Amino acid sequence: MTADNEMEIKEAFQRAQKGHNNKAKLVASLKSRYNKLEDKTLFHEEFVHYLKYAMIVYKREPTVENVIEFVARFATSFQSPPKTEEEQQQQQEDEEEDEEDEEDHPFLSFIFNFLLESHKASSHAVRFRVCQLINKLLGSMAENAQIDDDLFDHIHQAMLIRVTDKFPNVRIQAALAMTRLQQPKDPECPTINAYLLILDNDSNAEVRRAVLSCIAMSPQTLPKILKRTRDIKENVRKLAYQVLAEKVHIKALTIAQRVILLQQGLHDSSEAVREVVCDRLLPAWLLRLDGNVIDLLHKLDVENCAKTALDTLKAIFNGKPTEELLQDRVQLDNRKLIPVDSLTCENVLYWRALCEFINAKGDEGDEILEQVLADAATYADYLHGYLRVVPVLSEEQRADFNHLELVMTKEFVAQQLIHLIGCLDTNEEGGRKRVLAVLQEMLAHPQTPSSLVSLLTEKLLTLMSDDHRRIQTVAEIISDVREPIMEASQPVDKNASRRQQVQLAEVKVRIMEAKQTLEDCITAQEFSRAAELKDSITELENNRNQILQEIAEINQPADKEIRSEKNDPETLLRCLTMCAELLKQMTIKTPIGPTISALMSSLVLPSIANAHPAVRNMAVVCLGTCTLHSKELAKAHMVLLLQIAQLDEVKIRISALRAIIDLLLLFGFQLLSEAAATQTALPWQSPDRQEEDAPAVAEDKAEDTAQSILVMLSEFLDSEVSDLRTETAEGLAKLMYTGRISSAKMLSRLVLLWYNPVTEDDTRLRHCLGVFFQLYARESRLHQEVVEESFLPTVRTLMNAPATSPLAEVDINNVVELLVELTRPSALIKPSTNTEEVCVHDYLAVRMCGEMLKDPTAPEVRLYAKTLSNLELSRDETVRKDLQTLLQQLVQVVKDRVCLRALEKMLNQLVDSREQAELLIASALQPVDVNADEAATEDPSKSAKRGKRGNAGQRKVCTAKGGRKTSRRAESSEESDGENVPESVSLMRPSRRAKTAALEKTKLDLNTLINQEANVS
């Protein structure tokens, strides 16, 4: 090759480094020179020679990136331009006729072969640049470009190897390079299988993001992409939602998948993820449904996920102006109501969500609300008319699924209509009274479905502000429901009626005989006798009339209004539901009056022994809520609640357990001592003797009761019933956080329960305990001491767990790191400013040293030795001397090399810190400026120590999120840059001048290396 030719390639590479140069001109110029050459071999070698200078640079320098971009453009410029469909068809016909395959351009094949030979280089920079170049070469080719099958296979095999590279940046580029090698229709496609493996197992978030950005959509890949919406990293979750919005049609998802996506996305802890769901996913779904929100609700099955549907509608409303909301409103009639015949689950839920959204605007939304909702009186009549026609199913109809589905739909619509009461303007007295009257009537109506009773009661009580009026109203409704007024008639007694008929016949016969005798006497002119007979006849006729009247009364009995008490399960459940809602709505300071006491004695307590489980459960809820209003009631019924919590069905036990936890949270364990004091007086003892013995006996009895409660709760933690176990753990967490319980043993149980693989699927339990540990330990020094006391028992339990126990699978190192992080002095919300004060880690270090001295050959010694270096020790000289003494003893008895190195390192740190402290004290005694001395001694030493200890403590701990995030963020920033992956976090953009200055400082110039090489040659 001539010198001019060498300069041409060299000059092209030099110019390509500068971003302002037109790369198209450089490519065209170099391509024209290449085409004129007959022997291309020297050109290839020279080109690769200059390319290698860029390939050995790992850092993303602008000059290197420009060179890589230039090489990709030049290599792909030899491909023929994209052809039209007609040209492609003509080419296919020509190929079929000639049966000749067009080969790739020699230069492009040469570059690919060079890169594939270099992909196994020992330098991670070279491997990174190889994958990057292959990615850019394949990406720069036309959509209908074709490459040789052998070359395709070689690229495929090489990139499959590189996606398992040690360095994340190499894996990213390799994954991006395989984008065009996917075959979504092939279920055994190696590229897609590699992508799925990366999504599930790659530890680097940027690699997972890179795969998400380029993976093809198919039934095989969709579940994995959905799983990434629950990724631990915010950036990955955000990109997963973006990909679903752009590439997946809403009809390709099942109803459950749509609901889960919205439920998790709208409540994600990251605001950026929530914004993507609201701004990208929901608009994309609506766009594919022609903007029909009601149709979107049809896709979500609102009857089973009303809360998610409401959140979705709120997110849609937030992105629309008010005028558009009024245009999109449901079809209302002139009364501003949806006609009853047109009510569906979707449009009534949309109506409710729209009214609640406008109502939440306050005064601003009042005028708008009047356009979409009727006045209170009109709406009350509308609601009353709908609720009266909601059917109640018989036992036979309940077995028919069609009838059941119809009734469930009507009940759902009724629930939404009842919720709309909260949006009504009830300031006007007439409308408010009408609403109250309708609610009271529907609660007392026997045909009102039981599923609506709680909601109706809640809305009724919300419209009343006075507790006494609430109590009186609900008590009257309960009385009407349980003891309805009925018209009762007495049955006709047939025997009595027959006797009266006989008496009547006898009287008639006697009257006839008397009249006959009277006529005979008159004929015989026996007038005195005739007068007597006439009086007798009058008396008999009166007797006859009386009998006739009695017979008439018996045959037409008078109806009477009487009250009959109903004790069927459905009636009791309705009454108890109203009572429970009343007790919940009452303020906690409202005392228990005669009305509530009467309800307790006549309704609640008898229902606890009812045979129907639902009735018993609601009765326990009422009892537990009622005892919160009265300490005396709590004392009286605490034992009953404890018995129910141990003996009844699971659901009822959980209700009783909640009541017990609430009572202990409100009144504390002193409630047990006061309850015991009322039961300790012995009748055969004298009053003076009773007064002397009562306090001691009550205290002992209270301690026994408290101990028995803790034992019961501890047993519940081992229950196989997931709900009972979770409720117990949550209750214990509340009691410990509020200071009602301080037990290292119980805390150890909770830690072991959190790590136990058995609870892996119990999301609520894991989330509750995860939040509790952080809040509890950071709250105060006393809480950290409890955690420190639980350290050794927890470790012993895990170390001694048999192989068959689930605890044998727990990573002990992770548990130890968690406890160390929780007890770190700097983790406190209000850390102590006195650095000389003995901290919790000092005690923990002494405990671990003591354990190691007990048995220096135990397997946990290595764990303790490693943990010692992660502790934040105070500057107390006494503690440090004691630790130094213990460590010196350990060094003499421990034989394990790993442990010895860790102990010696710790010992050296203690010695060095003591020497530094002595030097600081000596320098402080010299006559120097006090301010300078403080600045020179305190701040550097503190920052250095805290820095060292902070770094040492940043381990992979589940709840120590600060440490884990820092380490992973550092790894991502150093090893992966996320090229070609959409950005996920919006940062503040620096000014243009700042950018220019930063680029000038970090600019790398390859010309120096190229010229140096030329001079040497």
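Residues numbered from 1 in each chain as written. Predicted model: local features only at pLDDT ≥ 70, side-chain atom pairs only at ≥ 80, totals over all residues. Heavy atoms only, no water.

(A) Expanded view of the overall build of the protein chain. In terms of helices and strands, the protein chain carries 48 helices and 2 strands. Accessible area for the protein chain stands at about 54100 Å²; split by element, carbon and sulfur atoms hold 50% of it. (Helix = DSSP H or I, 4+ residues; strand = E, 2+ residues; numbered from the N terminus. Areas by Shrake-Rupley, 256 points an atom, 1.4 Å probe, with all protein chains shown as cover.)

(B) Broad picture of the pattern of salt bridges. Applying the stated criterion across every chain, the model contains 39 salt bridges. Between arginine 796 and glutamate 851 there is a salt bridge, with the nearest N and O atoms lying 2.9 Å from each other. Linking arginine 796 in helix H39 (residues 781-799) with glutamate 851 in helix H41 (residues 840-854), this pair joins segments that are 55 residues apart in sequence. (Salt bridge = Lys/Arg side-chain N within 4 Å of Asp/Glu carboxyl O.)

(C) Structural context of unusual backbone geometry. Unlike most non-glycine residues, aspartate 290 shows phi in positive territory, near 60 degrees. Position of aspartate 290 relative to the elements: it lies in the loop between helix H15 (271-288) and helix H16 (293-298). In this structure, lysine 336 is a non-glycine residue whose phi angle is positive, near 65 degrees. Residue placement: lysine 336 occurs in the loop between helix H18 (322-327) and helix H19 (345-359). Judged by relative accessible area, lysine 336 falls into the partly exposed class, the value being 33%. (Buried < 20%, exposed > 50% of the residue type's maximum accessible area, 1.4 Å probe, protein only.)

(D) Examining a nonpolar patch on the surface more closely. Together, Tyr737, Val771 and Leu775 give the surface a local cluster of nonpolar side chains, amounting to about 240 Å² of exposed area. Its relative accessible area of 38% is what places valine 771 among the partly exposed residues. (Patch = residues over 30% accessible without salt bridge, like charges linked within 9 Å, V, L, I, M, F, W, Y side chains within 5 Å.)

(E) Quick peek at the confidence of the model for the protein chain. Mean pLDDT over the protein chain stands at 80; residues scoring 70 or higher make up 80%. Considering only residues more than four positions removed or in separate chains, one finds that residues 96-102, a stretch of pLDDT under 50, has 3 contacts. (pLDDT = per-residue confidence, 0-100. Contact = heavy atoms within 4.5 Å.)

(F) Region of the structure containing a negative patch on the surface. A contiguous patch of negative charge, built from Asp363, Asp366, Glu367, Glu370, Asp375, Asp425 and Glu428, is present on the exposed surface. As for its position among the elements, glutamate 428 is in the loop between helix H23 (401-419) and helix H24 (429-444). (Lys, Arg positive; Asp, Glu negative; His and termini not counted. Charge placed at Lys NZ, Arg CZ, Asp CG, Glu CD.)

(G) Local environment of the packing of aromatic side chains. Summed over all chains, the structure comprises 22 aromatic pairs. Ring plane angle 40 degrees and centroid distance 5.9 Å describe the contact between phenylalanine 13 and tyrosine 50, whose orientation is recorded as tilted. In this pair, phenylalanine 13 is assigned in helix H1 (residues 3-16) and tyrosine 50 in helix H3 (residues 41-55), connecting sequence segments 37 residues apart. The two residues phenylalanine 13 and tyrosine 50 agree in class, both being buried. Relative to tyrosine 755, the ring of tryptophan 754 has its centre 5.3 Å away and its plane inclined at 75 degrees; by these criteria the two rings are edge-to-face. Accessibility classification places tryptophan 754 together with tyrosine 755 in one group, the buried group. Three or more aromatic residues joined by ring pairs form one cluster here, namely Phe13, Phe43, Phe47, Tyr50, Phe70, Phe74 and Phe107. (Phe/Tyr/Trp six-rings, centres within 6.5 Å; stacked < 30°, edge-to-face > 60°.)

(H) Structural context of the nonpolar core. Phe47, Ile134, Trp351, Tyr379, Leu417 and Leu868 are the most contacted members of the largest nonpolar core, which has 281 residues in total. Apart from residues lying up to four places away in sequence, isoleucine 134 is in contact with Phe112, Leu115, Leu116, Ile155, Met159 and Ala177. (Core = buried A, V, L, I, M, F, W, Y, C linked by side-chain atoms within 4.5 Å.)

(I) Focus on the packing of helix H14 (residues 255-266) against H15. Between H14 and H15, the shortest axis-to-axis distance is 9 Å and the interhelical angle comes to 145 degrees. Residue-level contacts link Arg258, Leu261, Leu262, Gly265 and Leu266 of H14 to Val273, Arg274, Val277, Cys278, Leu281, Leu282 and Trp285 of H15. Within the contact of H14 with H15, the residues separate by chemical class into 9 nonpolar, 1 polar and 2 charged. (Axes fitted to C-alpha atoms, helices over the stretch in contact; angles between N-to-C directions. Nonpolar A, V, L, I, M, F, W, Y, C, P; charged D, E, K, R; others polar.)

(J) The arrangement of the side chain of glutamate 821 in detail. With respect to the helices and strands, glutamate 821 occurs in helix H40 (residues 812-822). By relative accessible area, which is 18% here, glutamate 821 ends up buried. A distance of 3.2 Å separates polar atoms of two side chains, one belonging to glutamate 821 and the other to arginine 824. (Polar contact = N/O pair within 3.5 Å; in protein donor to acceptor, adjacent residues only side chain to side chain.)

(K) Spatial organisation of H24. For H24, which comprises 16 residues, the first-to-last C-alpha distance of 22 Å matches the rise-based estimate of 22 Å (1.5 Å per residue) to within 8%. Among the residues of H24, Gly431, Arg432, Val435, Leu436, Val438, Leu439, Met442 and Leu443 are the ones counted as buried. One side of H24 carries all its buried residues, which in axial view fall inside an arc of 160 degrees. Tucked inside the fold, the buried residues of H24 contact helix H21 (376-388), helix H25 (453-462), helix H26 (467-482) and helix H29 (569-585). (Expected span 1.5 Å × (residues − 1). Arc of directions from axis to C-beta.)

(L) Geometry of H26. Between the first and last C-alpha of H26 there are 22 Å, a value that for 16 residues agrees with the 22 Å anticipated at 1.5 Å per step. For H26, the set of buried residues is Asp467, Arg470, Ile471, Thr473, Val474, Ala475, Ile477, Ile478, Val481 and Arg482.

(M) Molecular detail of the environment of leucine 266. Among the structural elements, leucine 266 can be located in helix H14. Classification of leucine 266 by relative accessible area gives buried; the value is 14%. When sequence neighbours within four positions are dropped, the list of residues in contact with leucine 266 reads Arg274, Val277, Cys278, Asp311, Thr312 and Ala315.

(N) Geometry of the side chain of threonine 308. Looking at where threonine 308 falls in the secondary structure, it is placed in helix H17 (residues 306-318). Judged by relative accessible area, which is 8%, threonine 308 ranks as buried. Look past the residues within four positions of threonine 308 in its chain and what remains in contact with it is Val259, Leu262 and Gln263.

(O) The packing of H21 against H23, seen in detail. Packing of H21 against H23 brings their axes to within 11 Å, and their N-to-C directions diverge by 160 degrees. By the criterion of interaxial angle, the relationship of H21 to H23 is roughly antiparallel. Between H21 and H23 the crossing geometry is left-handed. Residue-level inspection shows Tyr379, Tyr382, Leu383, Tyr386 and Leu387 of H21 in contact with H23, the latter providing Lys410, Val413, Ala414, Leu417 and Ile418. Split into classes, the residues belonging to the contact of H21 with H23 amount to 9 nonpolar, no polar and 1 charged. (Parallel < 35°, antiparallel > 145°, perpendicular 65-115°, else oblique. Left-handed = near helix turned anticlockwise from the far one by under 90°.)

(P) Quick peek at the environment of threonine 517. Mapping threonine 517 onto the fold places it in helix H27 (residues 494-523). Judged by relative accessible area, which is 30%, threonine 517 ranks as partly exposed. Sequence spacing of threonine 517 and arginine 529 is 12 residues, and the spatial spacing of their C-alpha atoms is 9.4 Å.

(Q) Region of the structure containing the environment of alanine 444. Structurally, alanine 444 is set in helix H24. Taking C-alpha positions, alanine 444 is 6.4 Å from aspartate 480, a pair spaced 36 residues apart along the chain. Dropping the residues within four chain positions of it, alanine 444 is found in contact with Ile477 and Val481.

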